[in-house]
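Residue strings, one per chain:
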Amino acid sequence: MDIVKLTPSKVPELYLEAEHISPDVFAGKNAQEIGELHVHMGNQTYKLSDFFTVEGKGGATAADTRIVVNGDAGKVKYIGMKMTAGEIEISGNTDMYTGAWMAGGKITVKGSTDSFAGIAMTGGELLIEGNAKNYIGAAYRGDWRGMKGGKIVVKGNVGSDVGSNINGGTIEVGGNADVHLATHADGGKIIIKGTAKGRVG
């Protein structure tokens, strides 16, 4: 498996939308080509290399590609969005929409994530070693189709509205959950090893 190493070189002033940080996009590209991929901050477009040092190359396919974010990505959104295979490991935190619409592969977040991680995912595994905020494994705003498959594991605590509109898959939480757990659930499994504040199901 070929490895692409992304080391943060500049902290975004606002929040960086980086949906291209995915094995599906990095596959078949060298470090220079990966660095040229677009990211967005507010209404401005930048290159990935404006915020990260890029080393290595993608594999021949997404399944042959492993991405290592060697640092904190607490202001970076959409990491691993719609990925179908391969691996991503982040050594710090991530912002919203980590693993959103994920269909396969594995994402490991060594820190915590913001809201909407793993929304509407259909496959793969999302492991969050810290805490996660709201709407984990839920439906996108305005939609009624939440998580359909795959597995989300949060070792710490989660916020509110986790698993809203869940249809399948598994969410496992090692700590506590806030209110509105599994609202409008129509399948799937949610395991809370701590306590749920209220309004479950």
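Please refer to the structure placed before this passage.
These figures come from a predicted structure and were not determined experimentally. (Residues numbered from 1 in each chain as written. Predicted model: local features only at pLDDT ≥ 70, side-chain atom pairs only at ≥ 80, totals over all residues. Heavy atoms only, no water.)

Caption draft 1: The overall build of the protein chain, seen in detail. Helices and strands together make up the secondary structure of the protein chain, namely two helices and 13 strands. A globule of 201 residues ought to have a C-alpha radius of gyration of about 17 Å, and the protein chain, at 16 Å, matches this closely. In terms of overall dimensions, the protein chain has C-alpha extents of about 50 × 35 × 30 Å along its principal axes. Within the protein chain, buried positions represent 48% of all 201 residues. Across the protein chain, contacts joining residues at least 24 apart in sequence account for 38% of those joining residues at least 6 apart. Accessible surface, the protein chain as shown: approximately 8700 Å² in total, 46% of it carbon and sulfur. Between the mean site of the 21 positive side-chain charges and the mean site of the 22 negative ones, the protein chain shows a separation of 5 Å. (Helix = DSSP H or I, 4+ residues; strand = E, 2+ residues; numbered from the N terminus. Rg over C-alpha atoms; globule rule 2.2 N^0.38 Å. Buried < 20%, exposed > 50% of the residue type's maximum accessible area, 1.4 Å probe, protein only. Contact = heavy atoms within 4.5 Å. Areas by Shrake-Rupley, 256 points an atom, 1.4 Å probe, with all protein chains shown as cover. Lys, Arg positive; Asp, Glu negative; His and termini not counted. Charge placed at Lys NZ, Arg CZ, Asp CG, Glu CD.)

Caption draft 2: Summary view of the environment of Pro23. Residue placement: Pro23 occurs in helix H1 (residues 23-26). Not counting residues within four places of it along the chain, the set of residues in contact with Pro23 comprises Ala62, Thr65, Ile67, Met83, Ala85, Gly86, Glu87 and Ile88.

Caption draft 3: Here's a closer look at unusual backbone geometry. Positive phi is not limited to glycine here, since Tyr97 has a value of about 65°. Looking at the secondary structure, you find Tyr97 in the loop between strand E8 (87-90) and strand E9 (106-109). By relative accessible area, which is 10% here, Tyr97 ends up buried. Although it is not a glycine, Asp161 adopts a positive phi angle of roughly 60°. In this structure, Asp161 sits in the loop between strand E11 (151-154) and strand E12 (170-173). Exposure remark for Asp161: the relative accessible area of 15% places this residue in the buried category.

Caption draft 4: The side chain of Thr65, seen in detail. You can see Thr65 is positioned in strand E6 (residues 65-69). Residue classification places Thr65 among the buried residues on the basis of a relative accessible area of 0%. A polar contact of 2.9 Å, which involves the side chain of Thr65, links it to the backbone oxygen of Thr61. (Polar contact = N/O pair within 3.5 Å; in protein donor to acceptor, adjacent residues only side chain to side chain.)

Caption draft 5: Representation of the environment of Ile21 in the model. Mapped onto the fold, Ile21 is located in the loop between strand E2 (16-17) and H1. Sequence separation between Ile21 and Leu37 is 16 residues, and the spatial gap between their C-alpha atoms is 9.0 Å. Those residues in contact with Ile21 that lie beyond four places of it in its chain are Leu6, Phe26, Leu48, Phe52, Ile67, Val76, Ile79, Gly80 and Ile88.

Caption draft 6: Broad picture of the nonpolar core. Ranked by internal contacts, the top residues of the largest apolar core, which has 42 residues, are Leu6, Ile21, Phe26 and Phe52. Tyr78, Met81, Phe116 and Ile119 belong to the second-largest nonpolar core, a separate cluster that totals six residues. (Core = buried A, V, L, I, M, F, W, Y, C linked by side-chain atoms within 4.5 Å.)

Caption draft 7: Region of the structure containing the pairing of strand E3 (residues 38-41). Residues Val39 and Met41 point to one face of E3 and are all buried, whereas His38 and His40, pointing to the other face, are not buried. Of the strand pairs in this sheet, E2 and E3 are connected by two bridges, and their pairing is antiparallel. Residue pairing in the sheet places Glu17 in a bridge with His40 of E3. Examined bridge by bridge, E3 and strand E4 (residues 44-47) share four bridges and lie antiparallel to one another. Of the residues in E4, the one forming a bridge with His38 is Lys47. The hairpin formed by E3 and E4 contains two residues between the paired strands, and Gly42 there has a positive phi angle of roughly 65°. (Pairing = 2+ DSSP bridges.)

Caption draft 8: Region of interest: the sheet that holds E4. Taken together, the four strands give an open sheet; going across it, the order is E4-E3-E2-E7, and neighbouring strands pair in mixed fashion. Edge positions in the sheet fall to E4 and strand E7 (76-77), since each has one partner strand and no second. Pairing of E2 with E7 involves two bridges; the strand directions are parallel. Note that in E7 the partner of Leu16 across the bridge is Val76.

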